Amino acid sequence: MSADFSTISRSLQSFTPSALVLDMDGLMVDSEPLWFEVERDFAHARGHRWTEAHAQRCVGRGLAAVIVTMGETFGFPVEVARDTGALVESFIARVEQLALKPGCLALLDAAEGHVPVAVASSSPLRLIEAVLRRFALTPRFRAVIS
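Residues numbered from 1 in each chain as written. Predicted model: local features only at pLDDT ≥ 70, side-chain atom pairs only at ≥ 80, totals over all residues. Heavy atoms only, no water.

Turning our attention to the sheet that holds strand β3 (residues 143-145). Sheet architecture is open: 3 strands sit in the order β1-β2-β3, paired in parallel fashion. Where the open sheet ends on each side, the last strands, each with one partner, are β1 (20-22) and β3. Each strand of the sheet is rotated relative to its neighbour by a mean of 20 degrees, with strand direction disregarded. Of the pairings in the sheet, the one linking strand β2 (residues 117-120) to β3 comprises 3 bridges and is parallel in character. Pairing of Val-119 across the sheet is with Val-144, part of β3. (Pairing = 2+ DSSP bridges. Helix = DSSP H or I, 4+ residues; strand = E, 2+ residues; numbered from the N terminus. Axes fitted to C-alpha atoms, helices over the stretch in contact; angles between N-to-C directions.)

Time to look at the pairing of β2. Here β1 pairs with β2 via 3 bridges, running parallel. Paired with Leu-20 across the two strands is Val-117, which belongs to β2. For the crossover that starts at β2, traverses helix α7 (residues 125-134) and ends in the parallel β3, the hand is right-handed. (Right-handed = clockwise from strand over helix to strand, strands pointing away.)

The next thing to look at is the pattern of salt bridges. Counted by the stated rule, this structure contains 8 salt bridges. With a closest N to O distance of 2.7 Å, Arg-126 and Glu-89 form a salt bridge. Taken as a pair, Arg-126 in helix α7 and Glu-89 in helix α5 (residues 80-93) lie far apart in primary sequence, 37 residues in all. Taking the relative accessible area as the measure of exposure, Glu-89 reaches 40% and is therefore partly exposed. (Salt bridge = Lys/Arg side-chain N within 4 Å of Asp/Glu carboxyl O. Buried < 20%, exposed > 50% of the residue type's maximum accessible area, 1.4 Å probe, protein only.)

To continue, consider the packing of aromatic side chains. This model, assessed by the stated rule, comprises 4 aromatic pairs. Aromatic side chains Trp-35 and Phe-91 sit 4.3 Å apart centroid to centroid with 20 degrees between the ring planes, which places their arrangement in the stacked category. Pair noted here: Trp-35 is in helix α2 (residues 32-44) and Phe-91 is in helix α5, with a separation of 56 residues, a long-range link. By relative accessible area, Trp-35 is classed as buried at 9%. A relative accessible area of 1% places Phe-91 in the buried class. Judged by centre distance (6.3 Å) and plane angle (70 degrees), the ring pair of Trp-50 and Phe-74 falls under edge-to-face. Here Trp-50 is found in the loop between α2 and α3 (52-58), whereas its partner Phe-74 is found in helix α4 (residues 63-74), with 24 residues between them in sequence. The same class applies to Trp-50 as to Phe-74, namely buried. Three or more aromatic residues link up through ring pairs in this structure, and these residues are Phe-42, Trp-50, Phe-74 and Phe-76. Geometry around Phe-42 places Arg-46 over its ring, the cationic atom sitting 3.5 Å from the centre. (Phe/Tyr/Trp six-rings, centres within 6.5 Å; stacked < 30°, edge-to-face > 60°. Lys NZ or Arg CZ within 6 Å of the ring centre and 35° of its normal.)

Bringing the packing of α4 against α5 into the picture now. Here α4 crosses α5 at 110 degrees, and the two axes come no closer than 9 Å. Here α5 runs roughly perpendicular to α4, going by the angle between their axes. The handedness of the crossing between α4 and α5 is right-handed. Here α4 contributes Leu-63, Ala-64, Val-66, Ile-67 and Val-68 to the contact with α5, which in turn contributes Val-80, Asp-83, Thr-84, Leu-87 and Val-88. A per-class count over the contact of α4 with α5 returns 8 nonpolar, 1 polar and 1 charged. (Parallel < 35°, antiparallel > 145°, perpendicular 65-115°, else oblique. Left-handed = near helix turned anticlockwise from the far one by under 90°. Contact = heavy atoms within 4.5 Å. Nonpolar A, V, L, I, M, F, W, Y, C, P; charged D, E, K, R; others polar.)

Attention shifts here to the layout of surface pockets. Approximately 570 Å³ is the volume found for the largest pocket. The wall of the largest pocket is formed by 22 residues, among which Glu-32, Trp-35, Gly-60, Gly-62 and Leu-63 lie closest to the centre. For the lining of the largest pocket, the elements supplying multiple residues, two or more each, are α2, α3 and α4. Here the lining of the largest pocket gets 5 residues from one element, more than from any other, and that element is α2. In the lining of the largest pocket, the residues fall into 9 nonpolar, 7 polar and 6 charged. (1 Å grid on protein atoms, 1.4 Å probe; cavity = no way out; pocket = protein on both sides within 12 Å on 5 of 7 lines; lining within 4 Å. Points joined across faces, edges and corners; volume = space filled by probe spheres on them.)

And the structure:
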């Protein structure tokens, strides 16, 4: 069953959201290349080579999965809390390498004064806050949810 485009278009024209909630990774910033660099350096510091294929198997599964996968793949001991913390700190130290995705500021500008805006992300709060500070976006968000 296919939807009639004109019906969808008319319903969207009358759509009036009461808030806008944005995800950070992948929507506001393309963080995957930086995460790969951080993960690669973590493995390299332990004498191993973390490839894009390794990283792709972990995308969307969270940092704990990355750490566990590294331990299983390379056989080095891991401590999930300590090692995920190290990855987060390394990412935050490199947050200046990130760029906002095209359209992000335009979307925030369009929402300003019309609807409250929030960020909801599975990233740790200190990482979200670092990214928002990097782009001076903190004041634009009524809520930041980790």
